[in-house]
Amino acid sequence: MVWEPWTGCYKVSDGCTNCYYYGPYSKRCGQNEIVKTDDFYKPIETIYMPRKKITKYKMESGKTVNTCFTTDFFISEADEWRIEAWNIIKQRPDLHFFFITKRIDRFPISLPNDWGDGYDNVTIGCTVEHQEIADYRLPLFLSYPIKHRILACGPLLGDINLTPYLHGIEYVSTGGESGRDARECDFNWILNIREQCKNAGVPFEFRSTGSLLRKDDVITKINPKMQHRIASDLNINII
Ligand code: SF4
């Protein structure tokens, strides 16, 4: 299930250069304006069932709701709207809301008053692409009260030592960059993160090879349709 309460985004770090949504070759290139969407209230929209004479939520209970995948939940232009978005999230404890962000440093801004240690029904993923960004974002990420947190290492642009930052992380996903100008992803970087996760007892996933995978010193160009399949076939995930 998907919820896009607002849309639009713009570059915030190196990982955004070839953004799937707003990068130079994307359909939405240039649509950087942040706008509230018609789906803003989607999680609390209801439908009347005349036969059963009941009103129920359109979003079925028990599902994960991928939130703000075409924008960033913490983008500053949405500060006002986010307060209401938190309220919507709170009204649906039967759904699990999941978003990833490149703006975790904005987490403390416009948090709901009753956030406390975090909402049970929210998982936040912090994105990191190289060591410099990891060393900036992850100490902040780990210092915030969040009930469920994951790391999304993608597009992976360099070797990263995550060892100091793996406590309390529910899983780590990794992947290379897609697109015409994709930067290469070295399989050794993926394996290094895998080893760190293994040592820390944290589940690990290799989600996508990206468009240019360096493996055994050979760089292979990979069709977008095959990037998930090839990553999966390498069979290195740790569950
Ligand atoms: S934060 Fe995400 S959606 Fe926004 S420009 Fe960067 S990669 Fe694209």
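Below is a summary of the structure that appears in this document. Values in this document were obtained by computation on a predicted structure and should not be read as measured data.

## Focus: the site of the ligand
Around the ligand sit Cys-9, Tyr-10, Lys-11, Cys-16, Cys-19, Lys-102 and Arg-103, and that is every residue in its neighbourhood. For the shell around the ligand, the per-class residue count stands at four nonpolar, no polar and three charged.

## Topic: the sheet that holds strand 13 (residues 212–215)
Strands belonging to one sheet form pairs held by backbone hydrogen bonds; the direction of such a pair is parallel or antiparallel. Taking strand neighbours across the sheet as the criterion, the three strands line up as 11-13-14 in an open arrangement whose pairing is mixed. In the strand order of this sheet, the two ends are held by strand 11 (185–186) and strand 14 (218–221), each with one partner. Pairing of strand 11 with strand 13 involves two bridges; the strand directions are parallel. Paired with Asp-186 across the two strands is Arg-214, which belongs to strand 13.

## Some thoughts on unusual backbone geometry
The step from Gly-154 to Pro-155 runs through a cis peptide bond, and the omega angle for that step is -5 degrees. When you line up the elements, Pro-155 lands in the loop between strand 9 (148–153) and strand 10 (172–175). Even without a glycine there, the phi angle at Lys-53 is positive, about 55 degrees. When you line up the elements, Lys-53 lands in the loop between strand 4 (46–49) and strand 5 (54–57). Overall, the relative accessible area of 64% leaves Lys-53 in the exposed class. Positioned with a positive phi, Asp-217 is a non-glycine residue whose angle comes to about 65 degrees.

## Focus: the environment of Tyr-25
Its place among the elements puts Tyr-25 in the loop between strand 2 (6–7) and strand 3 (35–36). Accessibility expressed as a relative area gives 44% for Tyr-25, which makes it partly exposed. Considered as a pair, Tyr-25 and Asp-181 are 156 residues apart in the sequence and their alpha carbons are 8.8 Å apart. Those residues in contact with Tyr-25, other than ones at most four positions away along the chain, are Arg-180 and Asp-181. A distance of 3.1 Å separates polar atoms of two side chains, one belonging to Tyr-25 and the other to Asp-181.

## Focus: the environment of Lys-147
Following the sequence through the fold, Lys-147 ends up in the loop between helix 2 (131–143) and strand 9. Between the C-alpha atoms of Lys-147 and Tyr-119, which are 28 residues apart in sequence, the distance is 6.5 Å. In this structure Lys-147 touches Asp-117, Gly-118, Tyr-119, Asp-120 and Glu-170, once residues within four positions along its chain are discounted. At 3.4 Å, the side chain of Lys-147 and the backbone oxygen of Gly-118 are in polar contact. A polar contact of 2.9 Å, which involves the side chain of Lys-147, links it to the side chain of Asp-120.

The rules we used
- Residues numbered from 1 in each chain as written.
- Predicted model: local features only at pLDDT ≥ 70, side-chain atom pairs only at ≥ 80, totals over all residues.
- Heavy atoms only, no water.
- Near = heavy atom within 4 Å.
- Nonpolar A, V, L, I, M, F, W, Y, C, P; charged D, E, K, R; others polar.
- Pairing = 2+ DSSP bridges.
- Helix = DSSP H or I, 4+ residues; strand = E, 2+ residues; numbered from the N terminus.
- Buried < 20%, exposed > 50% of the residue type's maximum accessible area, 1.4 Å probe, protein only.
- Contact = heavy atoms within 4.5 Å.
- Polar contact = N/O pair within 3.5 Å; in protein donor to acceptor, adjacent residues only side chain to side chain.

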